[in-house]
Amino acid sequence: MQDLLAKSELVSHGTTVGTNAIIEGEGTNAALVTTRGAEDVIFIMRAATGRSKGLPVEDVLQFQKSNKPDPIIPKKRVYGINERIDCMGDVVVEFNEEQAREVTSQLAQQDVDAVAINFLWSFLNDGHERRMESIIREELDNDVFVTRASDLIPKWGEYERTTAAAINAFVGPTSASYIQRIDDRLSENGYDGTLLVMQSGGGVVSAEDAVREPIRTINSGPVGGMIGCRFLAEQLGHRNVIAGDIGGTSFDIGLLIDGEPLTKPTNVINQYEYMMRTIDTESIGSGGGSIAFVDNEGDRLRVGPQSTGATPGPACYDQGGNEPTVTDADLLLGFLDEDDFLGGRMTLDRDRSVTVIESIADELRMDTIETASGIIEVMNAKMADMIRQRTVNEGYDPREFVLYAYGGAGPLHVPGLAPQLDINTVVVPGGSTASVWSAVGVSSSDVLHRREVSNIMNAPFDSETITHQFNDLESAVIADLHDEGFTDDDIQTQRYADMRYQAQVHQLSIPLPNGTLTAEDMEAVIARFERTYEDRYGKGAGYSESGFELVTTRVDAYGETTKPAIHGKSGVDELEPWKTKEVYWPSNHAYFDTPRYRDADVGVGATIEGPAIVGMEHTTIGIPPESTCEVDSMSNYIINFGGK
């Protein structure tokens, strides 16, 4: 290990520590200091939507059973300070320093580990927040983690900004300790470079930045897969991609449009919406460990969102699981081989799968295979419906996309979705790397620094003022990358403006050209906004008569890093299956004699006619009937269904 690290140019890391801390409620003893009168913002949330934000649709429909989440910070540790900045950034109530010191004394008595500071309109004038931070650092232990909202999220939106600051404080000490331990261990073992950490915005940051702003690592796992898809799509020439990642508990989906991942201005975790621009991925509870059950209210077969998790796992693992899962259904239908699982290192217990699936087959008055097939069909229907929601409902035609399948269970199940969506091509990226594709994405991510400022302007826009704002932001992010050792040749920048119709809440992010902007450029930006709006919400949805607002200007700056090299591998001269057995394909409601291949035997240039199965060490590829699979020069499995 020491020899490897000593030779390594780059170490990138993805972590779920922050995500787990929020979901499990195991953060630190955090406090919130805010403007007096705004102490309840984080508890009121966005009224009724706080009860259902981010929940699966089946839970949203049962609104009477929903509740607001447990507080990130309890009311007893929320303090109000007499101070006030107005919407123009002017001081209308001076900062009460005596009161601030009294609050800091109370924080010391409560032995807090972290403090979030968010004053009203602080993103326009951060003087009061900076003074509060100074007092906290004077009076409290230096180890106390402090987050200023004006530094973390300098944007309009009081609730979402408060939530972001609170979450950052809540997960700060835990995440910081974890990342610091990783960084120290790398140094002890010979790595002399900078540890890079994946963030949900689509790039990596230094360990130092990740320690200061751990909120940016939340939900970054699926984002790693999206960056990997962008990296591969550039090489394959795919402009529009639906990325489908299936693991043990969930199906994660994201879109590449014109080669770039879609982003969103806010994120949700544990029903809390916080302001942080992230790559737009969504998840539903459909994975290999998803539990199948009969809905007693309607005698319907349901699959997920509950999961057995890694422990005890599906019944066929013989580790204590006693509920029917998707993996148990895969085994009974013949997709998995009980004697060749995990490359032969694990034997699956078929009898246990039969027992647990029979338990619900009896309730459904169906036989075991019909029930197993039904489990897969229900799962596939949920996933296909989710793809339609992310494409058709947002103005995109799925027939114009290529479908990428990765994760532990993605290569087996995602190809079966293509015929339902009239998609012609499915790609299993990197062959055997598909099961760890998110890690490939993390390793291919560039360093990302993002700067933004909120300053609401109405059209017609002053191009000179906007150019000045962008120049200031660009200077700051480029300086950040220079400090980290990047040269101008390694840096790329992109400008964006968050825009909306006047009197609306929802915004769209619109790219702008570099250089000095003109009045003609701003007219073109408005036209691009209107086209994007109608693409997203439908022809005729725009309302230019209301006027236009530019809410936020943003600059993303990327420092180019070393990219992984994915090479193809040679296989046997004449490809022959190592076994042929009957497999029941739910899409065809029929058994087919299905050849099984081992990935080690399948090399570049191989062609496999469906139906077929390719077994890998950590995943399985399902090649459906009436499809053909070709292995390209990078060992990607390209499954084609023909034109429709």
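The notes below deal with the structure included here.

### Looking at the overall build of the protein chain
Right, on to step 1. The helix and strand inventory of the protein chain stands at 18 helices and 30 strands.
Right, on to step 2. Relative to the globule expectation of 26 Å for 644 residues, the C-alpha radius of gyration of the protein chain, 26 Å, shows essentially globular dimensions.
Right, on to step 3. Here the protein chain, with 644 residues, has 53% of them falling under the buried criterion.
Right, on to step 4. Intrachain contacts of the protein chain at a sequence separation of at least 6 include 69% that bridge at least 24 residues.
Right, on to step 5. Accessible area of the protein chain: about 27,800 Å², with a carbon and sulfur share of 45%.

### What about the layout of surface pockets?
Right, on to step 1. Estimates place the volume of the second largest pocket at around 780 Å³.
Right, on to step 2. Together, 32 residues line the second largest pocket, and Asp151, Arg450, Arg451, Glu452 and Asp480 are the ones closest to its centre.
Right, on to step 3. Grouping the constituent residues of the lining of the second largest pocket by class yields 11 nonpolar, eight polar and 13 charged.

### Remarks on unusual backbone geometry
Right, on to step 1. In this model, Ala459 is joined to Pro460 through a cis peptide bond whose omega is 5°.
Right, on to step 2. Among the structural elements, Pro460 can be located in the loop between β20 (447-458) and α17 (463-483).
Right, on to step 3. With a phi angle near 55°, Asp111 is a residue other than glycine that sits in the positive phi range.
Right, on to step 4. Secondary-structure assignment places Asp111 in the loop between α5 (97-109) and β6 (114-118).

### Side note on the sheet that holds strand β25 (residues 590-598)
Right, on to step 1. If you trace the four strands from one edge of the open sheet to the other, you get β24-β25-β27-β28, paired in mixed fashion. Strands at the two margins of the open sheet, each flanked by one partner only, are β24 (579-585) and β28 (620-623). Adjacent strand axes in the sheet meet at a mean angle of 30° when their direction is disregarded.
Right, on to step 2. Where β25 and strand β27 (residues 612-615) come together, three bridges link them in parallel fashion. Opposite Arg596, over in β27, you have Ile613 as the bridge partner.

### Things to note about the environment of Glu358
Right, on to step 1. Along the chain, Glu358 falls in helix α12 (residues 350-364).
Right, on to step 2. Assessed through its relative accessible area of 36%, Glu358 is described here as partly exposed.

### Re the nonpolar core
Right, on to step 1. Residues Phe251, Ile375, Tyr404, Phe461, Met499 and Tyr637 are the most contacted members of the largest nonpolar core, which totals 117 residues.
Right, on to step 2. The greatest single-element share of this core, amounting to eight residues, is contributed by helix α13 (residues 368-390).
Right, on to step 3. If you look at the next biggest cluster of nonpolar residues, it comprises 31 residues, including Met45, Ala116, Ala166 and Met275.

### Some thoughts on the pairing of strand β30 (residues 637-640)
Regular strands have side chains that alternate between both faces of the sheet.
Right, on to step 1. By the bridge criterion, four bridges tie strand β19 (residues 425-428) to β30 in an arrangement that is antiparallel. Across the sheet, Thr425 pairs through a bridge with Asn640, a residue of β30.
Right, on to step 2. As paired strands, strand β29 (residues 628-631) and β30 are joined by four bridges and run antiparallel to one another. From the neighbouring strand, Cys629 faces β30, where its bridge partner is Ile639.

### Side note on the packing of α12 against α13
Right, on to step 1. It is the contact of α12 with α13, at a shortest axis distance of 9 Å, that shows an interaxial angle of 95°. The angle between α12 and α13 places the two elements in the roughly perpendicular class. Of the residues in α13, those in contact with Ile357, Glu358, Ile360, Ala361 and Leu364 of α12 are Thr368, Thr371, Ala372 and Ile375.

### Observations regarding empty space enclosed by the protein
Right, on to step 1. This structure, assessed with the given rule, holds two cavities of 30 Å³ or more.
Right, on to step 2. Taken as a whole, the second largest cavity encloses approximately 30 Å³ of empty space.
Right, on to step 3. Ile153, Arg216, Met275, Met276, Arg277, Arg450 and Glu452 are the residues that line the second largest cavity.
Right, on to step 4. Those elements that provide at least two residues to the lining of the second largest cavity are β14 (272-279) and β20.
Right, on to step 5. The dominant element in the lining of the second largest cavity, judged by the number of residues it contributes, is β14, at three residues.

### What about the packing of aromatic side chains?
Right, on to step 1. Counted according to the given criterion, the structure contains 12 aromatic pairs.
Right, on to step 2. Seen in terms of ring centroids, Tyr317 and Phe341 are 5.9 Å apart; in terms of plane orientation they differ by 50°. Their pairing is tilted. Of the two residues, Tyr317 sits in the loop between β17 (300-307) and α11 (326-333) while Phe341 sits in the loop between α11 and α12, which places them 24 residues apart along the sequence.
Right, on to step 3. Judged by its relative accessible area of 23%, Tyr317 is partly exposed.
Right, on to step 4. What makes Phe341 buried here is its relative accessible area of 15%.
Right, on to step 5. On the numbers, 4.7 Å between centres and 50° between planes, the contact of Tyr533 with Tyr537 is tilted.

### A look at α17
Because the α-helix completes a turn every 3.6 residues, residues three or four places apart line up on one side.
Right, on to step 1. With 21 residues, α17 should cover 30 Å at 1.5 Å per step; its first-to-last C-alpha distance of 30 Å lies within 8% of that length.
Right, on to step 2. If you check which residues of α17 are buried, you get Ser463, Ile466, Thr467, Gln469, Phe470, Leu473, Glu474, Ala476, Val477, Asp480 and Leu481.
Right, on to step 3. Those residues of α17 that are buried lie in contact with β20, β21 (491-501), β22 (508-512), α18 (519-537) and β23 (548-559).
Right, on to step 4. Sitting at the amino-terminal end of α17 is Asp462, which places a side-chain oxygen 3.0 Å from the backbone nitrogen of Glu464.

### Focus on the packing of α11 against α12
Right, on to step 1. Where α11 meets α12, the axes come as close as 9 Å, and the angle between the chain directions of the two elements is 115°. As the angle between them shows, α11 and α12 are arranged roughly perpendicular. As α11 packs across α12, the resulting crossing turns out to be left-handed. Of the residues in α12, those in contact with Asp328, Ala329, Leu331 and Leu332 of α11 are Arg350, Ser353, Val354, Val356 and Ile357.
Right, on to step 2. Among the residues making up the contact of α11 with α12, the classes are represented as six nonpolar, one polar and two charged.

The rules behind each value
- Residues numbered from 1 in each chain as written.
- Predicted model: local features only at pLDDT ≥ 70, side-chain atom pairs only at ≥ 80, totals over all residues.
- Heavy atoms only, no water.
- Helix = DSSP H or I, 4+ residues; strand = E, 2+ residues; numbered from the N terminus.
- Rg over C-alpha atoms; globule rule 2.2 N^0.38 Å.
- Buried < 20%, exposed > 50% of the residue type's maximum accessible area, 1.4 Å probe, protein only.
- Contact = heavy atoms within 4.5 Å.
- Areas by Shrake-Rupley, 256 points an atom, 1.4 Å probe, with all protein chains shown as cover.
- 1 Å grid on protein atoms, 1.4 Å probe; cavity = no way out; pocket = protein on both sides within 12 Å on 5 of 7 lines; lining within 4 Å.
- Points joined across faces, edges and corners; volume = space filled by probe spheres on them.
- Nonpolar A, V, L, I, M, F, W, Y, C, P; charged D, E, K, R; others polar.
- Pairing = 2+ DSSP bridges.
- Axes fitted to C-alpha atoms, helices over the stretch in contact; angles between N-to-C directions.
- Core = buried A, V, L, I, M, F, W, Y, C linked by side-chain atoms within 4.5 Å.
- Parallel < 35°, antiparallel > 145°, perpendicular 65-115°, else oblique.
- Phe/Tyr/Trp six-rings, centres within 6.5 Å; stacked < 30°, edge-to-face > 60°.
- Expected span 1.5 Å × (residues − 1).
- Polar contact = N/O pair within 3.5 Å; in protein donor to acceptor, adjacent residues only side chain to side chain.
- Left-handed = near helix turned anticlockwise from the far one by under 90°.

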